[in-house]
Amino acid sequence: MKLDPAAQQRLLQLADLERRIAAGGDAPQQTEEDKELAKLTERRNRAQRSAASAKLAVTDMEAEILRIQEDERRLRARERDDKRQLTAETDKEKRRDLEHDRYAAKSRIADLMGELMECHNEVHALRGNYDRQVQDLQELEKKVAEAEAAAGAAPAPEDPSARVDELREGLDAEVLAAYDSRRAENNVGVARFNGRSCSGCYMVLPAADRSRIAAAPADELPECPNCGTYLVRGVA
Ligand SMILES: [Zn+2]
């Protein structure tokens, strides 16, 4: 097929675009700003979940501390009560029971004090972690807001089918007919020849075919001997 080199490039653009669309690439393309926004939103959502679970860990530990303090109060009251009863009690056996109970309460209080100290250390660390998570979250909220503004200001992505129409309008009817008919046969129609292989079937062509294609006039579209695709040479 005869075609001037500029029109060849245009036809190649059309063929490449239609192949992309046929391969499922015709979904509305996201702008870079949209992609950035989606990425930041995802990070922000992760940070939100992370901050929520950090908050929960703090709340749980605070509840644990209250429980220990409540146990401690109860045990101290029991210990005081044992002590008070011992001042009046004269029965030997009852005194022994009271002393035993007082000892058990004191020993349990000592254990609780150890637990309480650990919990205080832990809640301190958990609160520090929560504060950091909140700070991260606030920074991400700010970035998301900025990305939203940028995405809103960005031009809408190009509609690929509008570009197809535009490319087709710039090409002769018989050229399009030849391309469409070849494309109906092999799903490609027109592809780039990179000097070694056909970009339609990806076959590396034998040396003789390569030199025949290279030697064809610039306004000629040679065909791939393997798949029949029209080959466009040169750089876009
Ligand atoms: Zn081919």
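On a predicted model such as this, the values are computed, not experimentally measured, just so you know. In every chain, residue numbers begin from 1 and rise along the written sequence. Confidence filtering applies because this is a predicted model: local features only for residues at pLDDT of at least 70, side-chain atom pairs given and counted only at 80 or more, and all residues used for totals across whole chains, interfaces and linings. Note that water and hydrogens are dropped before the side-chain values are worked out from all heavy atoms of the structure.

## Here we look at the domain arrangement of the protein
Then step 1. The assigned domain composition of the protein is domain 1 (5-26 + 159-232) and domain 2 (32-153).
Then step 2. The C-alpha-based centres of domain 1 and domain 2 are spaced at 69 Å. Segmentation of the chain into domains, including their bounds, is taken from an automatic or database domain assignment.

## Regarding the coordination of the zinc ion
Then step 1. Donor selection uses N, O and S atoms within 2.8 Å of the metal (3.2 Å for Na, K and Ca). Since no water is included, sites may look incomplete. Of the protein atoms, only Cys198 (SG), Cys201 (SG), Cys224 (SG) and Cys227 (SG) coordinate the zinc ion, at distances of 2.3 Å.
Then step 2. Each of the four donor atoms bound to the zinc ion contributes to angles spanning 105 to 112 degrees, and the resulting shape is tetrahedral.
Then step 3. The sequence motif formed by the donor residues of the zinc ion is C-x2-C-x22-C-x2-C. Taken together, the residues cysteine 198 in the loop between β1 (190-192) and α6 (207-215) and cysteine 227 in the loop between α6 and β2 (230-232) connect sequence positions 29 residues apart.
Then step 4. Partly exposed describes any residue whose relative accessible area lies between the buried limit of under 20% and the exposed limit of over 50%, with all areas from a 1.4 Å probe on protein chains only and scaled to the type maximum. The partly exposed category is assigned to cysteine 227, whose relative accessible area is 22%. Geometry assignment treats four donors as tetrahedral when all angles are between 85 and 135 degrees, treats four as square planar and six as octahedral when opposite donors are over 155 degrees apart and all others between 65 and 115, and treats everything else as irregular. Only DSSP runs of H or I reaching four residues or more are called helices, and only runs of E reaching two or more are called strands; each is numbered from the N terminus.

## Some points on the environment of leucine 40
Then step 1. Residue placement: leucine 40 occurs in helix α2 (residues 32-88).
Then step 2. Each C-alpha atom, one on leucine 40 and one on methionine 61, is 31 Å from the other, the two residues being 21 residues apart in sequence.
Then step 3. Whether two residues are in contact is decided by their heavy atoms, any of which lying within 4.5 Å being enough. When neighbours within four sequence positions are excluded, leucine 40 is seen to be in contact with Leu140, Lys143, Val144 and Ala147.

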